[in-house]
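Okay, here's what each chain looks like letter by letter:
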Amino acid sequence: MKSAGNRPAGMRAFTVVWIGQVVSLLGTAMSTFALTLWAYEITGKATPLALIGFFFLLPVVVLGPFVGVLVDRGNRKLMMMVSDLAAAAVTLIVLTLLVSGKLQIWHLYVSATISGVFQGFQWPAYSAAISLMLPKEQYARANGMLGMASSGSQVVAPLLAGALIGPVGLLGILFIDLASAAVAVGALLFVHIPQPARTEAGREGEGSFLHEVVYGFRYIFARPSLLGLQTVFLVGNLFGSLAWVIFPAMILGRTGNDALILGSVESAGAVGGVIGGLIMSAWGGPKRRVHGVLLGWVLAGLLGDLVLGLGQTLPVWVAGAFLGAFFVPILDGCNQAIWQAKVAPDVQGRVFTARQFIAWLVMPLSSLLAGPLADQVLEPAMSQGGSLMPVFGWLVGTSTGAGMGLIFVVAGLMAALVGLAGYLFPLVRNVEAVLPDYD
C-alpha cells in the first residue's frame, strides 16, 4: 500500500518504521549496557544505577500529560523524529564528555533527565501512529512486533557490547548508538503517517492548553473499566520497578562483577521477549485480551521476578529472565490493543500520556528508594550476622546480592497477586464488553 507521493503506507510503512526502531533500539541498548558497566565499575553501588532510572522516569511521568497535548495538536511523524534526534543529541553530549576525560556519574543523571523529557514524546506518538496506520485487527500484532524489537535489541546488545568494548571501548559503542539513531530518522522520512480525523471525543477535548492536559485524566476517570485496568499497572509497577532498577547490581554483586554473566542473563531475558513478541505477532493474543493482561502479570511475576530473586546460579537466572520476559510482550500487547480500540486516535496523545502518568506514577519513587533500600537496609540485613539472615538466608542466601534477591522475591509475589486481584472486579475483567470501541 502506498500514498502521499508513492511513499509506503499501512503495514508496509509500519514495517519500515519498525526496522528503523530495531536498529535504533540496538544502538541504545548497547550504549546503555556499556554505560551501566562503566557506572558500576566506578562506584560498586546499586544506588547510582537506580538514580539514573529515577532521573529518566521523573520527566517522563511529570511532563507526560503536557506532552500528550502537543502530540495531539502536532504532527505525529514530526514528534517521533524529534524524539529520535534528541536521543542522538544526548549520546553526542556523553561522547564529548568521555573524549574530554570529564565524564562523571552526575553527567549520566543529567543526560537521563534530558532523555526522559524527549522520550515522553516517543511512546504516545508511536502508539497513536499505529492506530492511524493500521486497522484495529492488526493492533495487537503490531504491538507484538514493537515488543519483539525491544527484546531483540536486548539479545544482541549485551553480546555485541561485551565483544566490542575491548576493541573499540565505550567511545566506539557511543558512535554506534549515534549511527543507529540516524537509521531510525531516515526510516521515518521514507514513510507516510496520516494525521487523525476529528472525532466527537476530539471536539469534546478541545479548549485551552490546560483544559486539554486535564482532558486525558477526565476521559479515563469517566470510564472506570479503563481506570481499573490502569490501576493494575500502577500497583504492579510499584514493586516491579523497585526490583528491576537494581537488576544489574544484583547480578554483578552475586557474581563478583562478572559482566559476561550479566550479559548472558540479559540476553536470555531478551530471547524470551523476542519469542513472546513473535508469538504475539503471529497469534494476536487471546480473544478476550484482558486475559493476556491479567494472566501475563501472574506468570511474569511467578516465573520471572520470583525465580530471579531465588536464583543464585547462572542457569536459574537464565530461566527466570527468559520466562519473565516471555510474557511481557503478550501482556503489554494485549493492554495496548484494548486502549487503541477504545480511545479515538485524535485524543490518544492526551489519554495515553494520562494513562502512562497513572501507571508510572510510583516508578520514580521506586527508583529513588531502590538503591538505598538495597545498599543500606537489605544488603546489610541479609549478610552474615544481619537481622534478616536467620529468617530469609535459607531462601536467598547470605552473600552479596542476597538483599536485592529478596526484593525480587517480594516483587514477583506482588505482581502475581495484582494480576489475580484484577479478576475480582467485574469492571476490569469485562473491560472489553463494558466499553464500546471508539468507532
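Residues numbered from 1 in each chain as written. Predicted model: local features only at pLDDT ≥ 70, side-chain atom pairs only at ≥ 80, totals over all residues. Heavy atoms only, no water.

A look at the overall build of the chain
Alright, step 1. Broken down by element type, the chain carries 19 helices and two strands.
Alright, step 2. The C-alpha radius of gyration computed for the chain amounts to 21 Å, which stays within 12% of the reference 22 Å derived for 439 residues, consistent with globular compactness.
Alright, step 3. Projected onto its principal axes, the C-alpha coordinates of the chain cover approximately 65 × 55 × 40 Å.
Alright, step 4. A buried classification covers 56% of the 439 residues belonging to the chain.
Alright, step 5. Long-range pairs, those at least 24 residues apart, make up 83% of the contacts in the chain with a sequence separation of at least 6.
Alright, step 6. Accessible surface for the chain amounts to roughly 17,300 Å². Of this, 72% is attributable to carbon and sulfur atoms. (Helix = DSSP H or I, 4+ residues; strand = E, 2+ residues; numbered from the N terminus. Rg over C-alpha atoms; globule rule 2.2 N^0.38 Å. Buried < 20%, exposed > 50% of the residue type's maximum accessible area, 1.4 Å probe, protein only. Contact = heavy atoms within 4.5 Å. Areas by Shrake-Rupley, 256 points an atom, 1.4 Å probe, with all protein chains shown as cover.)

Quick word on the packing of aromatic side chains
A ring pair, where both rings are aromatic, is described by two values, the distance of the centres and the angle of the planes.
Alright, step 1. Applying the stated criterion across every chain yields a total of 13 aromatic pairs.
Alright, step 2. On the numbers, 6.5 Å between centres and 85° between planes, the contact of Trp-339 with Phe-352 is edge-to-face. Taken as a pair, Trp-339 in helix 13 (residues 314-342) and Phe-352 in helix 14 (residues 348-360) lie far apart in primary sequence, 13 residues in all.
Alright, step 3. Residue classification places Trp-339 among the buried positions, given a relative accessible area of 0%.
Alright, step 4. Within the aromatic cluster, the residues linked to one another by ring pairs are Phe-54, Phe-55 and Tyr-109.
Alright, step 5. Sitting over the face of the ring of Tyr-219, Arg-223 holds its NZ or CZ atom 3.6 Å from the ring centroid.
Alright, step 6. For Arg-355, the ring lying beneath its charged end belongs to Phe-352, and the centroid distance is 5.0 Å. (Phe/Tyr/Trp six-rings, centres within 6.5 Å; stacked < 30°, edge-to-face > 60°. Lys NZ or Arg CZ within 6 Å of the ring centre and 35° of its normal.)

Comments concerning empty space enclosed by the protein
Alright, step 1. Inspection of every chain in the model, using the stated rule, returns two cavities of 30 Å³ or more.
Alright, step 2. Of the voids in this model, the second largest cavity is the one considered here, and its volume is about 60 Å³.
Alright, step 3. Sorting the residues of the lining of the second largest cavity by element identifies helix 1 (10-43) and helix 4 (105-133) as the ones contributing at least two each.
Alright, step 4. Counting residues per element, the lining of the second largest cavity draws most heavily on helix 4, which supplies four residues.
Alright, step 5. The residue makeup of the lining of the second largest cavity, split by class, is nine nonpolar, no polar and no charged. (1 Å grid on protein atoms, 1.4 Å probe; cavity = no way out; pocket = protein on both sides within 12 Å on 5 of 7 lines; lining within 4 Å. Points joined across faces, edges and corners; volume = space filled by probe spheres on them. Nonpolar A, V, L, I, M, F, W, Y, C, P; charged D, E, K, R; others polar.)

A short note on helix 11 (residues 259-283)
Because the α-helix completes a turn every 3.6 residues, residues three or four places apart line up on one side.
Alright, step 1. With 25 residues, helix 11 extends 36 Å from end C-alpha to end C-alpha; this agrees with the ideal 36 Å at 1.5 Å per step.
Alright, step 2. Two or three places before Leu-260, at the opening of helix 11, Asp-258 has a side-chain oxygen 3.0 Å from that residue's backbone nitrogen.
Alright, step 3. Gly-284 lies just past helix 11 and shows a positive phi near 85°. (Expected span 1.5 Å × (residues − 1). Polar contact = N/O pair within 3.5 Å; in protein donor to acceptor, adjacent residues only side chain to side chain.)

Quick word on a nonpolar patch on the surface
Alright, step 1. Among the surface-exposed residues, Leu-58, Val-62, Leu-63, Phe-66, Leu-70 and Phe-209 lie close enough to one another that they form a single nonpolar patch of about 440 Å² accessible area.
Alright, step 2. No other element matches helix 2 (residues 47-73), which puts five residues into the nonpolar patch.
Alright, step 3. If you trace the backbone, Leu-63 turns up in helix 2.
Alright, step 4. Among the residues examined, Leu-63 registers a relative accessible area of 33% and is labelled partly exposed. (Patch = residues over 30% accessible without salt bridge, like charges linked within 9 Å, V, L, I, M, F, W, Y side chains within 5 Å. Salt bridge = Lys/Arg side-chain N within 4 Å of Asp/Glu carboxyl O.)

Brief notes about the layout of surface pockets
Alright, step 1. Space inside the largest pocket adds up to approximately 200 Å³.
Alright, step 2. Lining the largest pocket are Thr-199, Glu-200, Ala-201, Glu-204, Tyr-219, Arg-223, Leu-226, Lys-342, Ala-344, Leu-435, Pro-436 and Tyr-438.
Alright, step 3. Ranked by the residues each element gives to the lining of the largest pocket, the list is headed by helix 7 (residues 200-204), at three residues.
Alright, step 4. The residue makeup of the lining of the largest pocket, split by class, is seven nonpolar, one polar and four charged.

A short note on the packing of helix 9 (residues 224-244) against helix 17 (residues 402-422)
Alright, step 1. Interhelical geometry of helix 9 versus helix 17 gives an angle of 165° and a closest axis separation of 8 Å. Considered as vectors, helix 9 and helix 17 are oriented roughly antiparallel to each other. Judged by the twist between their axes, the crossing of helix 9 over helix 17 is left-handed. Along the contact surface, helix 9 presents Val-232, Val-235, Gly-236, Phe-239, Leu-242, Ala-243 and Trp-244, while helix 17 presents Ile-407, Phe-408, Ala-411, Met-414 and Val-418.
Alright, step 2. Along the lines of polarity and charge, the residues of the contact of helix 9 with helix 17 split into 11 nonpolar, one polar and no charged. (Axes fitted to C-alpha atoms, helices over the stretch in contact; angles between N-to-C directions. Parallel < 35°, antiparallel > 145°, perpendicular 65-115°, else oblique. Left-handed = near helix turned anticlockwise from the far one by under 90°.)

Quick look at the side chain of Lys-77
Alright, step 1. Its location among the elements puts Lys-77 in helix 3 (residues 76-99).
Alright, step 2. Buried and unpaired, Lys-77 has Asp-84 as its nearest opposite-charge partner, separated by 11 Å.
Alright, step 3. In terms of polar contacts, Lys-77 uses its side chain to reach the backbone carbonyl oxygen of Val-191, at 2.7 Å. (Lys, Arg positive; Asp, Glu negative; His and termini not counted.)

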